[in-house]
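This is what each chain is made of:
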Amino acid sequence: MTFSSPIIPTDVSVIIPTFNRAHLLPRALDSVLAQTHVPREIIVVDDGSTDRTAALLRDDYHGVIYLHQSNSGVSAARNSGIRKAKGRWIAFLDSDDRWLPRKLSRQLHDLTGNPGMKICHTDEIWIRNGHRVNPKKKHDKSGGWIFRNCLPLCCISPSSVLIHRTVFDTVGLFDEALPVCEDYDLWLRITARFPALYLDEKLLIKHGGHPDQLSRKYWGMDRFRIRALQKILESGILSQEDQEATHRTLEEKLDIYLKGVRKRGRWEEAAAFEKEFVGLSC
């Protein structure tokens, strides 16, 4: 499939990180190509795939920019895409998700009406093992100054977001030291500095339940959120109110994580965490 359209492209770079998902990637790519507003470019960052991803892009998606790198994780893949991107606006799409056709056009329309906003995200549909499921109340999306809403868990889906590239100049890129919860870490750094525009419309379909999801690979996900909370506390950018809320969240997550570690008999790990974070959450 050739990336072409009579519509004038918007100044959006779409970045799709992927690893051994040649069987899923066409669904994601086709959803971008079906957008009513065509992006400036589509960048697929192949994080060391050993399947037929390269052949798929070569044979069927001629106009898509293909970047290959040694396996370095999703953060490194997204960062490679950001560095390559030429658009003023950056959109991410995970290779197992797909957009509805008006996703970009609706976001761009709302951003035009809110010229000071630099990040926009949308509502979403969840599919698990082929069946639609309803997100819990704690997953509700919102807009404005949402830093405190982002403390308990990830409140913005990477596949839903549209970010002005100058935001990365301010907050930095994805943390490549975090194998998971890298999005949680980035949203904390962004929402501490910028308000978010929320579009209450389901414009993303998130597919889950497959065995290669990163959330299934790592147990004790709160240990990575704890790292992110530590970083934002040490950054010195938080208001007094946000600092206090972050301390409370850190205490809660430390307690949950340490109980889980001790339950599994991982006493050395528990002692190391307690030593590292003693005083930080007080």
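Per chain, the residues get numbers from 1 upward, laid out in the order the sequence is written. Note on the predicted model: pLDDT of at least 70 is required for a residue's local features to be given, and 80 or more for side-chain atom pairs to be given and counted; whole-chain, interface and lining totals, by contrast, use all residues. As a convention, hydrogens and water are excluded, and side-chain values are obtained from all of the structure's heavy atoms.

1. Concerning the packing of helix 1 (residues 25–33) against helix 2 (residues 53–60)
For the pair helix 1 and helix 2, interaxial distance at closest approach is 11 Å and the crossing angle is 35°. The handedness of the crossing between helix 1 and helix 2 is right-handed. Residues Leu-25, Pro-26 and Leu-29 of helix 1 touch helix 2, and the partners they reach there are Thr-53, Leu-56 and Leu-57. Charged means Asp, Glu, Lys or Arg here, nonpolar means Ala, Val, Leu, Ile, Met, Phe, Trp, Tyr, Cys or Pro, and polar covers whatever is left, Gly included. Of the residues contributing to the contact of helix 1 with helix 2, the split by class is five nonpolar, one polar and no charged. Only the contacting stretch of a helix is used when fitting its axis, a line to C-alpha atoms as for every element, and angles between N-to-C directions run 0 to 180 degrees. Runs of E in the DSSP output that reach at least two residues are strands. Runs of H or I that reach at least four are helices, and both are numbered from the N terminus. Each crossing is labelled by how the near helix is turned from the far one, with a counterclockwise turn of less than a right angle marking it left-handed and a clockwise turn marking it right-handed. Note on contacts: a residue pair is in contact if any heavy atoms of the two residues lie within 4.5 Å.

2. Points about the side chain of Lys-253
Its place among the elements puts Lys-253 in helix 9 (residues 240–263). Those residues in contact with Lys-253, other than ones at most four positions away along the chain, are Leu-151, Pro-152, Tyr-184, Asp-222, Arg-225, Ile-226 and Leu-229.

3. Details of the environment of Ser-31
Tracing the chain through its elements places Ser-31 in helix 1. Taking the C-alpha atoms as reference, Ser-31 lies 6.7 Å from Leu-100; in sequence the two are 69 residues apart. In this structure, Ser-31 is in contact with Leu-93, Arg-98 and Trp-99, ignoring residues within four places of it in sequence.

4. Notes on the packing of aromatic side chains
Working definition: rings of Phe, Tyr and Trp (its six-membered ring) pair if their centres are within 6.5 Å, and the pair is stacked with planes under 30 degrees apart, edge-to-face with planes over 60 apart, and tilted otherwise. One pass over the structure, following the stated rule, counts two aromatic pairs. Between the aromatic rings of Phe-92 and Phe-168, the centroid separation amounts to 6.4 Å while the plane-to-plane angle is 90°, which identifies the pairing as edge-to-face. Linking Phe-92 in strand 4 (residues 89–92) with Phe-168 in helix 5 (residues 166–171), this pair joins segments that are 76 residues apart in sequence. Per residue, the accessibility class of Phe-92 equals that of Phe-168, and both read buried. Where Phe-92 meets Phe-174, the ring centres are 5.4 Å apart and the plane angle is 80°; that geometry is what we call edge-to-face. In this pair, Phe-92 sits in strand 4 while Phe-174 sits in the loop between helix 5 and helix 6 (182–191), placing the two residues 82 residues apart along the sequence. For the pair Phe-92 and Phe-174, a shared accessibility class is recorded, and that class is buried. Feature note: the residues Phe-92, Phe-168 and Phe-174 constitute an aromatic cluster, connected by ring pairs. The buried label applies to any residue whose accessible area, calculated with a 1.4 Å probe on protein chains only, is under 20% of its type's maximum; exposed applies above 50%, and partly exposed to all values in between.

5. Some points on the confidence of the model for the protein
How sure the predictor is of each residue is captured by pLDDT, a score from 0 to 100. Here the protein shows a mean pLDDT of 90. Residues at 70 or above account for 88%. Ignoring residues within four places in sequence, the model shows residues 2–8, a span with pLDDT below 50, making eleven contacts including any to other chains.

6. Regarding the pattern of salt bridges
A pairing counts as a salt bridge when a side-chain nitrogen of Lys or Arg comes within 4 Å of a carboxyl oxygen of Asp or Glu. Tallied over the full model, the rule gives 19 salt bridges. As a salt-bridge pair, Arg-78 and Asp-94 come within 3.1 Å of each other at their nearest N and O atoms. A residue pair is termed long-range when its members are at least 10 positions apart, and Arg-78 in helix 3 (residues 74–84) and Asp-94 in the loop between strand 4 and strand 5 (98–99) qualify at 16 residues. The burial state of Arg-78 is the same as that of Asp-94; both residues are buried. Notably, a salt bridge pairs Arg-225 with Asp-222, separated by 3.0 Å at the nearest N-O pair. Of this pair, Arg-225 and Asp-222 both sit in helix 8 (residues 222–234), three residues apart, roughly one helical turn. Side by side, Arg-225 and Asp-222 carry an identical accessibility label, which is buried. Beyond isolated ion pairs, a larger network of salt bridges with shared partners links Arg-102, Arg-106, Asp-110 and Glu-201.

7. Let's talk about unusual backbone geometry
The phi angle at Asn-20 is positive, at roughly 55°, despite the residue not being glycine. Mapped onto the fold, Asn-20 is located in the loop between strand 1 (12–18) and helix 1. Using a relative accessible area of 24% as the deciding quantity, one classes Asn-20 as partly exposed. The backbone phi angle of Cys-181 is positive, close to 60°, even though this residue is not glycine. Within the secondary structure, Cys-181 sits in the loop between helix 5 and helix 6. A residue is classified by how much of its surface remains accessible, and Cys-181, at 7% relative accessible area, is buried.

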